[in-house]
Amino acid sequence: MPYTLLALGICIVQSAKLMSISSLWLEEVNNMEKSNISFASGEKFIESMRHQGLSDGDAIKELVDNSLDAKSEHIHINIEKGANGINILVQDDGIGMDRDLLERAPSFGNSGIDSGGRIGRFGFGLPTAITSKTRHAELFSKTKDGKWNYTYVDLDEIAASADLKLPRALQKSPSELLAGGIQKYETGTIVILKDCDRMDHEKVDTILRAIKDDLEITYCYFIADGMEMTLNGERLELNDPLMLLKDHKYVKDLREGLKKEELTDTTGYAEQIGEIEDIPNENGSKSGRARIKLTLLPIKDIERTGKARKYGIGLKEEGFYLVRNKRIISGAQTLGCFTPHPMLTYFRGEIDFDSDMDEDFGIQVNKSRFRLSKSMQDKIYSRVRELINTIRQKQYDTMHELHQDRNGGAAEEIALSVPLRTPKEIKTATEEDVEKAIEEESKQIESNSMLSSEEKEKQIEDIKKSLENAEPYIIATENNRQGPIFVWEYLGKSTKLIINRDHPFYKYVWLALSDEKCPTDYRRTVLSLFLFTLVKGEQIHRQELEDGNVIGYQELQALWSMTLRKLLTSDKFLKFYDEKGLEDDYES
């Protein structure tokens with residue numbers, strides 16, 4: 001015991017000495033003379049902040065976020081060509097800013113507003129949007145009991161000053177703007193980015209096309225609550241990526257053409273899959289929870305329209321949407337919970353969380369950027385993995401059912417009705433050949449790691465039925481690099497046709513012509529090119545025979561493939577393809 005007390009005493013003495021030394025050191029540091037060097041260098045700081053990597057849409061959304069935080073019910077975005085660049089104007093009818101707040105609003109992190117429950121986080125949104133897109137911006141704002149106040153941001157002026165000071169705000173009305181068609185509200189704010197010199201696109205129409213859908217999706221919950229937003233005078237629609245919100249943008253399209261008795265309350269709406277337990281805040285506080293929804297979009301309604309791509313169906317669009325304080329910050333994310341799969345293209349998930357959980361989701365200055373903590377990712381995965389498998393199976397079953405309904409053996413009936421010579425190999429195929437073909441195809445399906453056990457079982461059953469019923473043609477696709485347009489093989493009493501996904505025929509003909517929205521003149525053109533290719537191949541074949549040369553079937557097939565590849569990758573055809581607006585529609 002005495003030794004313990006002695007040791008404790010020594011520790012207390014040493015601790016006291018350290019505290020004394022620490023206090024003296026801090027006092028000395030606090031008394032250090034300040035240099036004339038600024039924490040940030042004017043010109044270099046300004047130029048570095050101009051390279052924040054904000055897209056046109058992200059910059060505009062930063063301005064819209066501020067409007068929503070100001071309790072705006074109407075937000076108007078106008079984009080037009082200016083004298084020396086693009087002009088962007090965002091007006092709202094929010095509570096407005098007094099003179100003091102308006103002066104501080106354009107500065108980094110100096111808005112003076114608590115971010116709790118708001119979309120804004122660090123007070124960087126407005127200055128980041130300004131510096132990333134323009135060198136000069138103007139701001140007008142008016143509160144309910146005040147008058148219009150005005151200030152501006154000029155990057156060249158700020159960079160030239162030693163202390164990076166902003167100008168004082170003054171009373172000034174946007175009378176010229178109001179005369180030019182700006183809405184007259186009792187309160188609100190107007191932000192103008194003038195002569196933007198760092199836009200992603202130069203043409204106004206291109207910018208509008210690039211941001212319209214994104215804005216509709218990002219703010220769909222606010223639009224659903226009655227907030228009105230316009231883009232160059234056009235009111236934005238309720239574009240809910242999960243197709244759950246009442247009267248979402250596409251519900252009329254998806255219900256159109258159906259008889260009254262065929263319509264139900266769920267026609268055109270997604271199906272919510274499962275009930276998922278909320279994820280609490282990791283710091284243990286009661287505030288802040290993450291809520292998860294998993295949905296399967298209305299496959300039958302969408303497939304019936306023949307316009308799946310119009311509704312964002314594809315590998316690049318499947319996945320989770322993150323919703324922070326009602327604002328969608330990111331979409332089509334896997335979050336490490338699944339691998340993109342053709343049987344998940346109708347899957348959409350949503351993770352809705354409050355700003356209290358920003359640390360858990362790693363929300364950054366630009367709210368569209370995030371980094372989930374490992375523990376949060378694990379919690380999400382544990383809650384959704386089984387349900388995602390369920391969704392994949394449901395999509396497979398529905399698509400298979402639709403395929404059966406659509407084809408209904410029509411291809412088989414047509415093939416059987418055409419009096420073609422039956423190859424000897426098929427005519428003499430035995431039941432043993434069929435069993436062997438089933439075994440070989442089953443092995444290929446079993447080796448596909450992208451399929452679940454249920455999907456494998458279903459596909460094996462389908463191929464077994466096809467081969468046992470001796471369907472004349474079974475069509476498949478696979479990558480074959482520089483190989484021919486297609487290859488085929490006898491499969492029992494059937495013929496398996498394998499289309500090469502790496503040949504331009506797959507993208508420009510096979511996929512394009514399978515979609516009803518493909519223009520009629522495009523269909524005629526590519527079919528004409530295909531027929532020309534076959535005729536040209538036959539002409540060359542005949543010439544070779546007349547010259548005494550022998551050309552085999554494989555050589556003829558290679559000639560067709562090479563000729564069509566050249567035609568479909570020529571500059572003239574690709575220009576024609578782009579003019580039809582198909583540049584992103586039929587990616588393989």
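Please read all numbers here as calculations on a predicted model, not as lab measurements.

1. Brief notes about the packing of aromatic side chains
The final tally for this structure, using the stated rule, is 13 aromatic pairs. Both rings, one in Phe505 and one in Phe530, keep their centres 5.5 Å apart while their planes meet at 40°; by these two values the pair is tilted. Linking Phe505 in helix α18 (residues 504-513) with Phe530 in helix α19 (residues 520-546), this pair joins segments that are 25 residues apart in sequence. What makes Phe530 partly exposed here is its relative accessible area of 21%. A network of ring pairs unites the aromatic residues Tyr508, Tyr522, Phe573 and Tyr577 as a single cluster. In this structure, Lys172 is placed above the aromatic ring of Tyr150, and the distance from its NZ or CZ to the ring centre is 4.3 Å.

2. Looking at the pattern of salt bridges
Taken as a whole and assessed by the stated rule, the structure comprises 29 salt bridges. One salt bridge connects Lys394 with Glu271, and the closest N-O pair in it is separated by 3.6 Å. With Lys394 in helix α13 (residues 374-407) and Glu271 in strand β9 (residues 271-272), the pair connects residues that are 123 residues apart, well separated along the chain. Classification of Lys394 by relative accessible area gives partly exposed; the value is 30%. Its salt-bridge partner being Asp278, residue Arg289 comes within 3.8 Å of it at the nearest N-O pair. Remark: Asp278 occurs in the loop between β9 and β10 (279-280) and Arg289 occurs in strand β11 (residues 289-296); sequence separation between them is eleven residues. For Arg289, a relative accessible area of 34% translates into the label partly exposed. Assessed through its relative accessible area of 26%, Asp278 is described here as partly exposed. A network of salt bridges, in which partner residues are shared, links Lys212, Asp213, Glu216, Glu234 and Lys249.

3. Looking at the pairing of strand β7 (residues 228-231)
Burial along β7 is two-sided: the residues Glu228 and Thr230 and Met229 and Leu231 are all buried. Pairing between strand β1 (residues 74-81) and β7: four bridges, direction parallel. Residue Ile77 lies in a different strand from β7, and its bridge partner there is Leu231. When β7 meets strand β8 (residues 234-235), the two strands line up antiparallel, connected through two bridges. Bridging across to β8, Leu231 finds its partner in Glu234. Taking the residues that link successive antiparallel strands as the turn, the β7-β8 hairpin has two residues, and the phi of Asn232 there is positive, at about 50°.

4. Structural notes on helix α20 (residues 553-568)
For an α-helix the count is 3.6 residues per turn, leaving residues at separations of three or four pointing the same way. When the terminal C-alpha atoms of α20 are compared, their 23 Å separation across 16 residues agrees well with the 22 Å that a helix rising 1.5 Å per residue should span. Buried residues in α20 make contact with β16 (486-491), α18, α19 and α21 (571-579).

5. As for the sheet that holds β16
Hydrogen bonds along the backbone pair up the strands of a sheet, which may run parallel or antiparallel. If you walk across this open sheet you meet the three strands as β15-β17-β16, and the pairing is mixed. Looking at the sheet topology across the chains shown, the edges are occupied by β15 (473-478) and β16. Taking each pair of neighbouring strands and ignoring which way they run, the sheet shows an average axis angle of 25°. As paired strands, β16 and strand β17 (residues 494-500) are joined by six bridges and run antiparallel to one another. Paired with Tyr490 across the bridge in β17 is Thr495.

6. What to know about the sheet that holds strand β5 (residues 170-171)
Overall, mixed pairing links the eight strands, which are arranged β5-β4-β3-β6-β2-β1-β7-β8 in an open sheet. Edge positions in the sheet fall to β5 and β8, since each has one partner strand and no second. Its contacts with the sheet put helix α3 (residues 56-69) on β1, β2 (86-92), β6 (188-196) and β7, and the angle it makes with β1 is roughly 155°. Those strands touched by helix α8 (residues 204-218) are β1, β2, β7 and β8, and its axis lies near 155° from that of β1.

7. Regarding unusual backbone geometry
A negative phi angle characterises most non-glycine residues, just as the trans form characterises most peptide bonds. In this structure, Lys71 is a non-glycine residue whose phi angle is positive, near 60°. As for its placement among the helices and strands, Lys71 is situated in the loop between α3 and β1. Here Asp195, not a glycine, exhibits a phi torsion of approximately 50°, which is positive. Looking at the element boundaries, Asp195 is found in strand β6. What makes Asp195 partly exposed here is its relative accessible area of 27%.

8. Section: the environment of Lys507
Inspection of the secondary structure puts Lys507 in helix α18. Note on Lys507: relative accessible area 15%, which makes it buried. Separated by 61 residues in the primary sequence, Lys507 and Leu568 have C-alpha atoms spaced 9.7 Å apart.

9. Quick word on the side chain of Asn325
Its place among the elements puts Asn325 in the loop between β12 (319-324) and β13 (327-333). Judged by relative accessible area, which is 14%, Asn325 ranks as buried. Side-chain polar atoms of Asn325 contact the backbone nitrogen of Ser355, separated by 3.2 Å.

10. A look at the nonpolar core
Counting residues in hydrophobic clusters, the biggest one holds 49 residues, and the most contacted among them are Ile77, Ile79 and Ile88. Setting aside chain neighbours within four positions, we find Ile77 in contact with Ile60, Val64, Leu89, Val90, Leu215, Met229, Thr230, Leu231 and Asn232.

11. Quick notes on the packing of helix α16 (residues 431-446) against helix α17 (residues 453-468)
Each packed pair of helices is defined by two parameters, the angle between the axes and the distance between the axes. Look at α16 against α17: their axes get within 10 Å of each other, and the N-to-C directions meet at 160°. By the angle between their directions, the pair α16 and α17 is classed as roughly antiparallel. In the crossing of α16 with α17, the sense of the turn from one axis to the other is right-handed. Of α17, the residues touching α16 (which contributes Val434, Ala437, Ile438, Glu441, Ser442, Ile445 and Glu446) are Lys456, Gln459, Ile460, Ile463, Lys464, Leu467 and Glu468. Taken together, the residues of the contact of α16 with α17 sort by class into seven nonpolar, two polar and five charged.

12. Observations concerning the confidence of the model for the chain
Summary statistics for the chain give a mean pLDDT of 81 and a share of 81% for residues scoring 70 or more. Ignoring residues within four places in sequence, the model shows residues 407-415, a span with pLDDT below 50, making seven contacts including any to other chains.

13. Examining the packing of α19 against α21
At a minimum axis distance of 11 Å, the contact between α19 and α21 shows a crossing angle of 160°. The angle between α19 and α21 places the two elements in the roughly antiparallel class. Seen along the crossing, α19 lies across α21 with a hand that is left-handed. Within the contact between the two elements, α19 uses Asp521, Tyr522, Thr525, Val526 and Leu529 and α21 uses Phe573, Phe576 and Tyr577. Considered class by class, the residues forming the contact of α19 with α21 number six nonpolar, one polar and one charged.

Each value, and the rule that gives it
- Residues numbered from 1 in each chain as written.
- Predicted model: local features only at pLDDT ≥ 70, side-chain atom pairs only at ≥ 80, totals over all residues.
- Heavy atoms only, no water.
- Phe/Tyr/Trp six-rings, centres within 6.5 Å; stacked < 30°, edge-to-face > 60°.
- Helix = DSSP H or I, 4+ residues; strand = E, 2+ residues; numbered from the N terminus.
- Buried < 20%, exposed > 50% of the residue type's maximum accessible area, 1.4 Å probe, protein only.
- Lys NZ or Arg CZ within 6 Å of the ring centre and 35° of its normal.
- Salt bridge = Lys/Arg side-chain N within 4 Å of Asp/Glu carboxyl O.
- Pairing = 2+ DSSP bridges.
- Expected span 1.5 Å × (residues − 1).
- Contact = heavy atoms within 4.5 Å.
- Axes fitted to C-alpha atoms, helices over the stretch in contact; angles between N-to-C directions.
- Polar contact = N/O pair within 3.5 Å; in protein donor to acceptor, adjacent residues only side chain to side chain.
- Core = buried A, V, L, I, M, F, W, Y, C linked by side-chain atoms within 4.5 Å.
- Parallel < 35°, antiparallel > 145°, perpendicular 65-115°, else oblique.
- Left-handed = near helix turned anticlockwise from the far one by under 90°.
- Nonpolar A, V, L, I, M, F, W, Y, C, P; charged D, E, K, R; others polar.
- pLDDT = per-residue confidence, 0-100.

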